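One letter stands for each residue in the lines below.
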Amino acid sequence: MYVRITEICGRIAAGIATAFCCAAMAGCMKYGPLPQESFSYPMPDDGTAEGVFIICEGNFMYGNASMSFYLPSTGELQNEIFARANGMKLGDVAQSMTMYDGTGYVVVNNSGVIFGMDPETFVVKRVIRGMGSPRYILFHGDKAYVTSLYEPEITVLDAHTMQPVGKIPTPGHTSTEQMAVFGDLMYVTCWSYDNTVLKIDTRRDEIVGNIEVRNQPRQLTIDSRGKLWVLTDGGSAEGGTTDAPALYRIDASNGTVEKEFVFRRGDSPKGLCSDGAGETIYFLNGDLWRMDCDAENLPDEPFLESSGTIYYAIGVDPHNGDVYVGDAVDYQQQGVVYRLNDSGRCLDTLRVGITPTAFCFR
Amino acid sequence: MLRTAWFRRLAACVALAVLQPAAYRNAAASVVAHYRMPAVAMHSGLPATCGMISSHEMHGKDKIPPPDDTENMPEERIDSVTVVGARPMKDIGVQKTVIDGSVLSEDVTLSLGDMLAHATPAFVRSSGRGSMSSLSVRGTGSSHTRVVWNGMSMNSPLFGMMDLSYIPSYFIDGAALYYGASSVAAAGGGLGGALVLDTRPEDILGFGMRYIQGIASFRTFDEYLKLSYGNDRVRSETSLLVTTSRNDFPYRNYAKKDFVTDDYGNIVGWSYPVERNRNCDYRDIHLLQELYYDAGDAGRFDLSAWYMDSSRNLPLLSTDYSESNSSLSSQKEKTFRSVVRWEKYAGKNKLSAKAGYHYSDIRYTERTERAYGEGGHEVQIRSAWRNYITTLFGNAAWERGLGRKLYLAADISVLQHFVYTINDKPVRPVAQPVVFDDARTELSALVSARYRPVESVGIALNLRQEVIGTDGAPFIPSLQAEWTPGRGNITFKASAARNYRFPTLNDKHFAVEPIMPEVGFTYDVGIVFRNIRRERFAYDISLTAYDSRIRNWILWYPDKGGTQWLPTNIRLVRSFGAEAALNIEWRMGGDWRIALDGVFAWTRSLNMRKPINDNDNAVGKQLPYVPVWSGAVTGRLSWRQWRLVYKWDYYSERFTSTDNSATISGRILPYFMNCISVGYTLGTRFADFSFNFKVNNLFDEEYETEMSRPMPGRNYGLSIEITPRFASRR
């Protein structure tokens, strides 16, 4: 009996080991080229083009940034369109996307690259390299400007060839972030551990002034009244300051601060943007908030309350005013995007890539 | 009389801890009689050699002295001393894997992490040589395994874990991995387990020397030198290991494409580029000094002092497009560890004491290097972490056997940590440096009793009380039991424990909200088939199933878009699974011998947190980077002076996201690996020469073990070992 038991057990163990090895040998080593797919989402010339690109930054040092594409009219959602259309990865920490002259430019911060892609097929048309830690790209006239998280300069490119044609040194400011143009003036926030908004003359590509604000100015936008709105995040998240963050309304024609809306100490507002008409300002501060451009005080009630969500990004569709809010959930799983109408009703909920961080509308 | 004293100590060890019934003694003697290949002892606690009584000596002494007779034992000179204990009292119900010295010194190029990956069912997360290697036991995290070197904890008070890539397997003479509840006897806080490492004296008198030169692909060089001298009372061993590598292996990069553009910058063609691993060179220097002194009746004194100087660059991701402007990271570490041990047998008692000192200087730097036209060059430091850790250690222990049925032990340890950590961040002149200066005292006291009421049944109870600074005083109990019916080849085991792990100092300082200690409850059951013989075959099998629940699991999650990682408590993580280990030995006749060691694991480690919100898909999902299936097999074939070793391992798909989304970028694809080595030993009058040629990744597979970090294809290593003969005696 005893011998029998040991024999049976021995055979079982040998069987398990053999089956395990065979299964493992047969069912793995799929690493290799990513399968490539064809997409076609034409953009009619009659002004009815629609489609939202959702930029998901992924995790720092994972190389798992991704892009999703959403058609509001049909509710169709395509995830990982960059990898699927191009058979390659988007990179590490996708930061922003800008449409210009029929091309979508996606800035991938920690990969040090900008991809120019066809917004109808999602196929890469251009690859712009040679910049350290790029953050945003802005087109103005025949030039494109690229900011950087770590370099004390703004790179100037030829908007047609995308070849570098110059640099704008930003001495003392090693983090340049978002840009907005008013006439020939370009305003640039200096974000990381900084407190300055630079004023640059785009004709000469020189700094002609700066605006001192509270700690860590990050996003900015210009409304329909020619007012520059600048949002500082206070830097409390980085532990470097206890200064209360603020929202500024600035006369974009001369850079004069008109109004300072101060948040509570410890708040971390972010995601400033305006609607397509430039009449309403949106931002995140735990909840989603919005206010009229003429408002003299911060709103009392949020537009959308947080319910355990980590709202991370906002975008407002310039065509219909729908609001898109990105929820990072836990920063380590597929994020969620809520599409809201103007009254705050949720129209759709989308499961996208990790940490949706920016929206770009075709 | 060193050897005599050694025998006395071992005999006492046998008497104290190997209270075995007569039936098992016969089995032990038969094991002794046949040749034993270097092998990993069974996961379930097969008695890996803790020394071994030579067969011809042992045959005349089949009667093991009772524990209370050690004083009157005759002193006899014998040659090599190896003990095959059948079922030591100390190992009642214990689930562990023992790796003996012959396996650890098999390959100079391997770290302890590499060894454990092949020899145990634990998962070792690593992205190759020169990169961090962390141990995950039974689905837990790397900080849930306590690593103990000569009795002193190696876990960082800042990071909680020990990077196993910093431990060359050649510097360890004995390693044992204790699983789950079985770890309580070795250390507290090991929610996954405990890895116990020792240095031990070689059994050689006179001068000894061993020199190994290893040359491998990607300009990798390993130089190992060991000098030793010993007489009857004193022994000195000095080991030096220097490893350097450019590590710039080529790989086809499927994350990128090389585009061909026209004059207008438009893409007209593409290919996947063949790139080289960048910023990945490393240099490690290890120096180990061991001193052993037998003071006769005063006991035995041992000193182990280990200095390490490591400089490693951290490779760029495969998704990195930087050219002249490179974003580079590096880590430099200088660590000194030293432990002094005293051990004495006094009547029925074994007494021991230890004192230790540890100092680490760890620097992590992120920098950007820019090249400007005419030789201009600028280096920008973006992050500069400096960590200084000083630890003082003390320990006293007592063991005693009471009759043949009861064994008692007590142990008390104290660790005093002083840490200072700072990030200068010079790239942001206005930024405030992140800095903290802290200290922590950790006291741990253990009493344990092992009781064998009848020959076939054993019960062990461990009660550990810890005091962690002013933060808490957890009580950690564990209970183990075993039953060995019939002829003694089958043992049933079971164990259970409640365990705690306190937040590390980094957990404490970086947490946004107060961080709570982790509380674990674990139990396992197992069966061991030991020394089953069928004609020329002999095999051992162990099967284990376990279940554990860890409340308040501390998880570092990426916040602020992943640029900042912060600790938080997860409500509950449940781990359960099964492990199997198999050792087969086939004596083919003549000089041919074959041995096969295999380990297999099925691991479920589930995140059972409270949902963050309605869209949280992580609840009930496997924790990131923990494989559900894994296995490793090592085959050894020897014929006279030739030997062939074949290693195979497999890891199933691993998810990198908490929701286990099967996206392109959300998982590490499964892979298997094959390595082969051929060795030959040439003995001459003056020296032994050993040659070893190894092929890693035999089938030149392309794979990743971490996101965006490709691994090298087929690569080669050649080593030559020279052991002069100085007329030494064993």
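For the structure, see preceding data.
These lines cover the structure that appears in this document, whether it is placed above or below. Small disclaimer: the values here were computed from a predicted structure and weren't measured.

### Focus: a nonpolar patch on the surface
Residues and elements named next belong to chain B.
No. 1: Among the surface-exposed residues, L682, F691, F693, Y716, L718 and I720 lie close enough to one another that they form a single nonpolar patch of about 490 Å² accessible area.
No. 2: Looking at the nonpolar patch, the elements that each hand over two or more residues are β35 (687-696) and β38 (715-724).
No. 3: At three residues, β38 tops the list of elements feeding residues into the nonpolar patch.
No. 4: Examined against the element boundaries, Y716 turns out to sit in strand β38.

### Quick word on the sheet that holds strand β7 (residues 193-198) of chain B
Residues and elements named next belong to chain B.
No. 1: Here we have five strands laid out as an open sheet, ordered β1-β6-β7-β4-β5, and mixed in their pairing. Only two strands of the sheet have a single partner each, and these edge strands are β1 (96-99) and β5 (152-153).
No. 2: By the bridge criterion, five bridges tie strand β4 (residues 145-149) to β7 in an arrangement that is parallel. For W149, the partnering residue across the bridge sits in β7 and is L197.

### Digging into the interface of chain B and chain A
No. 1: Of the residues lining the interface, 82 residues belong to chain B; the matching set on chain A comes to 78 residues.
No. 2: Summed over the three residues of chain B that lose the most area to chain A, namely Y321(B), R428(B) and I664(B), the buried surface amounts to 11% of that side.
No. 3: Between chain B and chain A we count one salt bridge in total.
No. 4: The shortest N-O distance in the salt bridge between D330(A) and R609(B) comes to 2.9 Å.

### Describing the packing of aromatic side chains
The geometry of an aromatic ring pair is captured by two quantities: the separation of the ring centres and the angle between the planes.
Residue and element names in this part refer to chain A.
No. 1: Taken as a whole, this structure holds 47 aromatic pairs over all chains when the rule is applied.
No. 2: Here F39 and F122 contribute two aromatic rings whose centre-to-centre distance is 5.3 Å and whose plane-to-plane angle is 50 degrees, an arrangement assigned as tilted. With F39 in the loop between α1 (2-26) and β1 (52-56) and F122 in the loop between β6 (113-117) and β7 (124-128), the pair connects residues that are 83 residues apart, well separated along the chain.
No. 3: Owing to a relative accessible area of 9%, F39 belongs among the buried residues under this scheme.
No. 4: Since its relative accessible area comes to 0%, F122 is described here as buried.
No. 5: Put simply, the rings of F39, Y41, F53, F69 and F122 touch in pairs and so form one group of aromatic residues.

### Overview of the side chain of N499(B)
Residues and elements named next belong to chain B.
No. 1: As for its placement among the helices and strands, N499 is situated in strand β24 (residues 490-501).
No. 2: Polar side-chain contacts of N499 include one of 3.5 Å to the backbone oxygen of G190.
No. 3: Beyond its immediate chain neighbours, meaning those up to four positions away, N499 contacts S183, V184, G188, G189, G190, L191, I476, E518, V519 and G520.

### Describing the nonpolar core
Grouped burial of nonpolar side chains is what soluble globular proteins tend to show.
No. 1: L135(B), I167(B), L195(B) and L197(B) are the most contacted members of the largest nonpolar core, which totals 45 residues.
No. 2: Looking at this core, the elements with two or more residues in it are α4 (101-104), α5 (112-119), β2 (123-126), β4, β6 (174-179), β7, β16 (300-314) and β34 (671-683) of chain B.
No. 3: Take this core: its biggest share by element is five residues, from α5(B).
No. 4: Those residues in contact with L135(B) that lie beyond four places of it in its chain are L116(B), A122(B), F123(B), V124(B), G141(B), S142(B), T145(B), L164(B), L177(B) and L195(B).
No. 5: Of all hydrophobic cores here, the second largest spans 25 residues; its members include M67(A), F69(A), L90(A) and Y321(B).

### Quick look at empty space enclosed by the protein
No. 1: Applying the stated rule across the entire model yields 17 cavities of 30 Å³ or more.
No. 2: Here the second largest cavity defines a volume of roughly 100 Å³.
No. 3: Lining the second largest cavity are N64(A), S66(A), N79(A), E80(A), Q334(A), V352(A), G353(A), I354(A), S661(B), T663(B), S665(B) and G666(B).
No. 4: When its residues are assigned to classes, the lining of the second largest cavity shows two nonpolar, nine polar and one charged.

### Side note on the sheet that holds strand β11 (residues 164-169) of chain A
All names here are of chain A.
No. 1: The strand order across the open sheet built from four strands is β8-β9-β10-β11, with neighbouring strands paired in antiparallel fashion. Two strands close off the open sheet at either side, each with one partner strand: β8 (134-140) and β11. Strand-to-strand twist in this sheet, taken as the mean axis angle between neighbours without regard to direction, amounts to 25 degrees.
No. 2: Of the strand pairs in this sheet, strand β9 (residues 143-148) and strand β10 (residues 153-158) are connected by four bridges, and their pairing is antiparallel. Each bridged residue has a counterpart across the sheet, and for K143 the counterpart in β10 is D158.

### Concerning α5(B)
Residue and element names in this part refer to chain B.
No. 1: By the criterion of burial, α5 is predominantly enclosed, with seven of the eight residues buried.
No. 2: Within the sequence span of α5, burial applies to L112, G113, M115, L116, A117, H118 and A119.
No. 3: One side-chain oxygen at the N-terminal end of α5 lies 3.2 Å from the backbone nitrogen of G113; it belongs to S111.

### Some thoughts on the environment of S304(B)
Residue and element names in this part refer to chain B.
No. 1: Examined against the element boundaries, S304 turns out to sit in strand β16.
No. 2: A residue is classified by how much of its surface remains accessible, and S304, at 0% relative accessible area, is buried.
No. 3: For the pair S304 and T199, spaced 105 residues apart in the sequence, the C-alpha separation amounts to 7.5 Å.
No. 4: If we ignore the near neighbours within four places in the chain, the residues touching S304 are W149, N150, T199, Q289, E290, R337, S338, V339 and R341.
No. 5: Side-chain polar atoms of S304 contact the side chain of N150, separated by 3.5 Å.
No. 6: A distance of 3.0 Å separates the side chain of S304 from the side chain of R341, its partner in a polar contact.

### Regarding the environment of D100(B)
No. 1: Mapped onto the fold, D100(B) is located in the loop between β1 and α4.
No. 2: In this structure, the C-alpha to C-alpha distance between D100(B) and D258(B), residues 158 residues apart in sequence, is 49 Å.

### Quick look at the side chain of S192(A)
No. 1: Along the polypeptide, S192(A) turns up in the loop between β13 (185-190) and β14 (196-201).
No. 2: With residues near it in sequence (within four places) discarded, S192(A) still touches L149(A), S175(A), Q216(A) and R428(B).

### Let's talk about unusual backbone geometry
Residue and element names in this part refer to chain A.
No. 1: Even without glycine at this site, M61 takes up a positive phi of about 70 degrees.
No. 2: Summarising the element assignment, M61 is placed in the loop between β1 and β2 (66-71).
No. 3: By relative accessible area, which is 31% here, M61 ends up partly exposed.
No. 4: Even without being a glycine, S133 presents a positive backbone phi close to 55 degrees.
No. 5: Relative to the helices and strands, S133 resides in the loop between β7 and β8.
No. 6: The class of S133 is buried, set by a relative accessible area of 9%.

Definitions and cut-offs
Residues numbered from 1 in each chain as written. Chains lettered and ligands numbered in written order. Predicted model: local features only at pLDDT ≥ 70, side-chain atom pairs only at ≥ 80, totals over all residues. Heavy atoms only, no water. Patch = residues over 30% accessible without salt bridge, like charges linked within 9 Å, V, L, I, M, F, W, Y side chains within 5 Å. Areas by Shrake-Rupley, 256 points an atom, 1.4 Å probe, with all protein chains shown as cover. Salt bridge = Lys/Arg side-chain N within 4 Å of Asp/Glu carboxyl O. Helix = DSSP H or I, 4+ residues; strand = E, 2+ residues; numbered from the N terminus. Pairing = 2+ DSSP bridges. Contact = heavy atoms within 4.5 Å. Buried area = accessible area lost by both parts, 1.4 Å probe. Phe/Tyr/Trp six-rings, centres within 6.5 Å; stacked < 30°, edge-to-face > 60°. Buried < 20%, exposed > 50% of the residue type's maximum accessible area, 1.4 Å probe, protein only. Polar contact = N/O pair within 3.5 Å; in protein donor to acceptor, adjacent residues only side chain to side chain. Core = buried A, V, L, I, M, F, W, Y, C linked by side-chain atoms within 4.5 Å. 1 Å grid on protein atoms, 1.4 Å probe; cavity = no way out; pocket = protein on both sides within 12 Å on 5 of 7 lines; lining within 4 Å. Points joined across faces, edges and corners; volume = space filled by probe spheres on them. Nonpolar A, V, L, I, M, F, W, Y, C, P; charged D, E, K, R; others polar. Axes fitted to C-alpha atoms, helices over the stretch in contact; angles between N-to-C directions.

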